[in-house]
Amino acid sequence: GFNSVVFSMNSSLTELYSRNREPWTMGYPGSYTGAPAMQGTRAHGSTTQHGTASIVYQSGQNQLVHVYMSGNQWTYTIVANNIVGPPSSYVRTDGKYSILWRDTNGHIREYAGGSTWDLTSASGASNATSAPSAYVRNDGFSSVLHTLPGNHVGEIWFRRGMAQWDSGDLGE
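An account of the accompanying structure is given in this report. Only a predicted model underlies this, so the values are computations on that prediction, with no experimental measurement involved.

**Regarding the overall build of the protein**
If you tally the helices and strands in the protein, you get two helices and 15 strands. Over its C-alpha trace the protein gives a radius of gyration of 16 Å, about what one expects of a compact globule, namely 16 Å for 172 residues. Based on the C-alpha atoms only, the size of the protein along its principal axes is roughly 45 × 30 × 30 Å. Evaluated residue by residue, the protein yields a buried proportion of 43% over its 172 residues. Sequence separation of 24 or more characterises 31% of the internal contacts of the protein that already satisfy a separation of 6 or more. In the protein, 10 positive and 11 negative side-chain charges are present, and the distance between their average locations comes to 6 Å.

Have a look at this one:
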């Protein structure tokens, strides 16, 4: 197997990785691609539905940068501009790879299947005050968590077969 931890070191995207229980090695995926420098310390690593290694982070210019393995080399794309805080990514219950971020209006945005969506507007959710964090619940729902005003936890959710995203305040 392959194990990987991604983080920022001196504004550089850094990866510690180990293959098949070999010693850990340090690499710099962003420097291999010429990707913009990171802002902050949080990068999010995941695997797409096709098994591709993928890393998302916020650049110093508030861009959402997606660094991913293409063949045997790292490459990158700019997914969005004017993001606030670190992005997140996961594979939804419908099998789509999803990249999530908060925009300057406090809306949670998603890039999935080649399109960008405003999940806050689509679900009727309140504006977010924190970056999103996503996971697949054991009941089959794709769930996006974030902080709401008043330090409540907001959830935006979707399950394959639903007509649209829905939302709620878990603090109520």
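**Observations concerning the nonpolar core**
Residues Tyr90, Leu100, Ile108, Leu119, Ala125, Ala128, Ala134, Val144, Ile156, Phe158 and Trp165 constitute the largest nonpolar core, which totals 11 residues. With residues near it in sequence (within four places) discarded, isoleucine 156 still touches Ile108, Leu119, Thr120, Ser123, Ala125, Ser142, Ser143, Val144, His146, Trp165, Asp166 and Ser167. Core analysis: the next-biggest nonpolar cluster, separate from the first, contains 10 residues, Ala43, Ile55, Tyr57 and Val67 among them.

**Remarks on the sheet that holds strand β9 (residues 97-103)**
Taken in spatial order, the four strands make up an open sheet running β8-β9-β10-β11, and their pairing is antiparallel. Two strands bound the open sheet, and with one partner strand each, they are β8 (83-91) and β11 (115-118). For this sheet the average axis-to-axis angle between neighbouring strands, irrespective of direction, equals 20°. The pairing of strand β10 (residues 108-112) with β11 spans four bridges and is classified as antiparallel. When the bridges of β11 are listed, arginine 109 appears paired with aspartate 118.

So, how was this worked out
Residues numbered from 1 in each chain as written. Predicted model: local features only at pLDDT ≥ 70, side-chain atom pairs only at ≥ 80, totals over all residues. Heavy atoms only, no water. Helix = DSSP H or I, 4+ residues; strand = E, 2+ residues; numbered from the N terminus. Rg over C-alpha atoms; globule rule 2.2 N^0.38 Å. Buried < 20%, exposed > 50% of the residue type's maximum accessible area, 1.4 Å probe, protein only. Contact = heavy atoms within 4.5 Å. Lys, Arg positive; Asp, Glu negative; His and termini not counted. Charge placed at Lys NZ, Arg CZ, Asp CG, Glu CD. Core = buried A, V, L, I, M, F, W, Y, C linked by side-chain atoms within 4.5 Å. Pairing = 2+ DSSP bridges. Axes fitted to C-alpha atoms, helices over the stretch in contact; angles between N-to-C directions.

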